[in-house]
Amino acid sequence: MKTGERLATLRHDDMISRVAFSPDGSLLATAGWASAIWDIATESEAFKLDHRWGANTIVFSSDGSLVAAAIGDVGIWDVASGDRLATLETLQQDDENLDGLATIADVTFSPDGSLIATRSYEDPTVSVWKLSNAITKLKVLSAVLDSVRIQLRAEYVEDLYAWQATLAYDPTVLEFVGASEGDFLKPPGVSTIWQQPIVANDTITLVQSRITPGEASGDGILATLEFKVKETGSSRIDIRDLRLSDESAMSIFSRRSGARVEVASDVSLTVAAILKLVNNELVLTIRAEGTPDVRDFSVEIPVPSQLERIDGQLEFTGESILESAELGKARFRIWEGGEIVFRPRGTVVGTSGVASPISAIEGRIDVVASPSADVNKDYRIDIIDLITVARQFGQSIRSNPRPNPDVNRDGTVDVFDVVVIARMFGQQFMAESQDVAAAPRRLHRDQSMPTKIASQHQSLWRRLLSEVDALQDGGEDVAEARRVLVELVRLSDGAKPERTVLRQNYPNPFNPETWIPFELSEPTDVVIHIYNVRSELVRTVRLGRREPGIYESRSTAAYWDGRNETGEPVSSGVYLYELQTESTRQRRRMVVVR
């Protein structure tokens, strides 16, 4: 990009007094008579700020979740939803006439987002406001054919003395019947003022305040509302405006959330998602409970991101359901652990032709993903995992593919991924555990290898074995990787190797003893010579006549106890060991650590 190059042009409705970037730079806030939040990438308006007079200053919170704009008062909005969360009142004069008022010049959040400070042009003081973690939300208590009960709740509130809320609803679906004050502000012995609800078109305004001194903190019920159902279906009730204050009339900041009401029609369909683990696969069974009045139905089962469907059906449509029935089953492979939730969704239509949402009984289950060495996630670390790694050997991995051959997650498929698999080779696991945060429950270790599969990938095993042999150090893990790969080579090409090879000793470095593996392609006398770095002979180990084969295990490989010809322990350092046969001599390096 050239310096000074214009990247975007945002068309605003009116004059702009202030602009502010979000912390991550993806959004831009503009302050003016028509303030807004803009998406930089698309050059589009995300949402407008619904303040009363416009704004001459605007700022994001440090985490980018909130934006505050101010002129005569401070409005705070949720950036993700665009909802206005709170209004911090500062004007004490005529709201409709700003001439001569001490309008706000600056507004800023504290680094942790718990405080907000404002400064006016004329007033020499700075106002500091506390932003608590208070949440005010609507909860559906019941929704049946003829009535709906809604609860307005407060959670995590500190020092509440009075509140006012305006709720918005759809009057074509619901008819407001009445409301009663809750006991959060009015426990036994406390007096309050409860104003009769103000109903205007599609809104209801509720007001409650204490008379008795003292404030309420914690969780509780602010009010309970009753509605009459005018039409079945789905309807949303939202908290359009909310004001909380303490005993000194200072505003209390609060996040708010509405609720969706599902009003059933004259027919119902309950769909249950039943989950269980079978052979480390998740099996989902979908059952339906219906009535004779069901005319037709449609059910869809969204799949959680941790899973991969193996088989089975996840969408169902049909006509009448006369009794309980199993709609179908599906099997899934588990790629990630944790809580897995299935919640069916869909509609049911009765004989009257009115559609309503199904009643869903969600299925929940905790599962544990197998280790990263189980590349194909079948809860067995075996030859298949090695094949998957070998086929993508040397590739760079920059995401999280399924399967992921980058076992140690270092960005490259290499010999170290092979070593991790070999260290756990043969282990089997279960997807259920006493503690989901822990590793999967290990069953047992089975190191048997299918000869047929091994024989089909001879070149893969030899390539991996050469990579492991190139590792000079590594101790028992590298030795175990070599043992597994040697066995695969033996299975893939029979007992007779194609050539004579001297392999890396194990363990290495070592103290006091080590084993030296090798392969013979023909019958021969075998001698192992040990030299120091000056090529001076330290020890000779004569193994005698050996037949073609792989000499890898501790019972067959050459053994050196770390002593010279006179029986004295050799000193720490680098040594060379040499395989001498009738047709070849091969050398490798090893390290003694005392």
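We now turn to the structure provided with this report. Since the model is a prediction, treat every value here as computed from it, not as a measurement.

What counts and how
Residue positions are counted from 1 within each chain, in the order its sequence is given. Owing to the predicted nature of the model, reporting of local features is limited to residues with pLDDT of at least 70; listing and counting of side-chain atom pairs is limited to 80 or more, with chain, interface and lining totals taken over all residues. Only hydrogens and water are removed before side-chain values are computed, so all heavy atoms of the structure are retained for them. Under the scheme used here, helices are H or I runs from DSSP no shorter than 4 residues and strands are E runs no shorter than 2 residues, and both carry numbers assigned from the N terminus. With a 1.4 Å probe rolled over the protein chains alone, any residue whose accessible area is under 20% of its type maximum counts as buried; one over 50% counts as exposed, and the rest are partly exposed. Contact between two residues is taken to exist if any of their heavy atoms lie within 4.5 Å; hydrogens are not considered. Computed with a 1.4 Å probe, the accessible areas rest on the Shrake-Rupley method; for each residue, only the protein chains presented here act as cover. Strands are treated as partners if at least two bridges between them are detected by DSSP. Axis definition: a line fitted to C-alpha atoms, limited for helices to the stretch in contact. Angles are taken between N-to-C directions and run from 0 to 180 degrees. Stacked, edge-to-face and tilted labels apply to pairs of Phe, Tyr and Trp rings (six-membered ring for Trp) whose centres lie within 6.5 Å, assigned for plane angles under 30 degrees, over 60, and everything in between, in that order. Note that the term roughly parallel is reserved for angles under 35 degrees, roughly antiparallel for angles over 145, roughly perpendicular for angles of 65 to 115, and oblique for everything else. The residue classification treats Ala, Val, Leu, Ile, Met, Phe, Trp, Tyr, Cys and Pro as nonpolar and Asp, Glu, Lys and Arg as charged. All others, Gly included, are polar. Under the rule applied, a polar contact is a pair of N or O atoms within 3.5 Å (in protein, one hydrogen donor and one hydrogen acceptor; residues adjacent in sequence only if both atoms are side-chain atoms).

### Comments concerning the overall build of the protein
A count of helical and extended segments in the protein gives five helices and 44 strands. In the protein, which comprises 594 residues, the proportion classed as buried is 48%. Contacts in the protein between residues far apart in sequence, at least 24 positions, make up 59% of those at least 6 positions apart. About 28,700 Å² of surface is accessible on the protein, with carbon and sulfur atoms providing 47% of the total.

### Things to note about the pairing of strand β17 (residues 203-210)
Counting buried residues in β17 gives seven out of eight residues, a clear majority hidden from the surface. Relative to β17, strand β14 (residues 162-168) is paired through seven bridges, and the arrangement is antiparallel. Bridging across to β17, L167 finds its partner in I204. As defined by bridge partners, strand β16 (residues 192-200) adjoins β17 across seven bridges and the pair is classed as antiparallel. Among the inter-strand pairings, W194 is bridged to a residue of β17, identified as Q208. Counting the residues in the hairpin turn of β16 and β17 gives two residues, including N201, whose phi is positive at 55 degrees.

### Points about the sheet that holds strand β43 (residues 573-580)
Read from one edge of the open sheet, four strands run β40-β39-β43-β44, paired in antiparallel fashion. With partners counted over all chains shown, the strands left at the sheet margins are β40 (537-546) and β44 (585-592), one partner each. Each strand of the sheet is rotated relative to its neighbour by a mean of 20 degrees, with strand direction disregarded. Where β43 and β44 come together, eight bridges link them in antiparallel fashion. Residue pairing in the sheet places L579 in a bridge with Q586 of β44.

### Focus on the packing of aromatic side chains
By convention here, two paired aromatic rings are described through the distance between centres and the angle between planes. Under the defined criterion, the tally for this structure stands at nine aromatic pairs. Residues Y169 and F227 carry aromatic rings whose centres are separated by 5.4 Å and whose planes lie at 55 degrees to one another, so their mutual orientation is tilted. With a gap of 58 residues between them, Y169 in the loop between β14 and β15 (174-181) and F227 in strand β18 (residues 216-229) connect regions that are remote in the sequence. Both residues of the pair, Y169 and F227, belong to the buried class. Their ring planes at 65 degrees and their centres at 6.1 Å tell us that W560 and Y575 sit as a pair that is edge-to-face.

### Remarks on the packing of helix α1 (residues 383-391) against helix α2 (residues 415-423)
In contact at an axis separation of 10 Å, α1 and α2 are set at 180 degrees when each is read in the N-to-C sense. By the angle between their axes, α1 is roughly antiparallel relative to α2. When α1 is examined against α2, the residues D385, L386 and V389 are found in contact with a partner set consisting of D417, V418 and I421. Split into classes, the residues belonging to the contact of α1 with α2 amount to four nonpolar, no polar and two charged.

### Some details on the side chain of T57
Within the secondary structure, T57 sits in strand β5 (residues 57-60). Here T57 falls in the buried class, since its relative accessible area comes to 1%. A polar side-chain atom of T57 sits 3.4 Å from a polar atom in the side chain of R18. With residues near it in sequence (within four places) discarded, T57 still touches S17, R18, A31, A68, A69, A70, I104, A105, D106 and V107.

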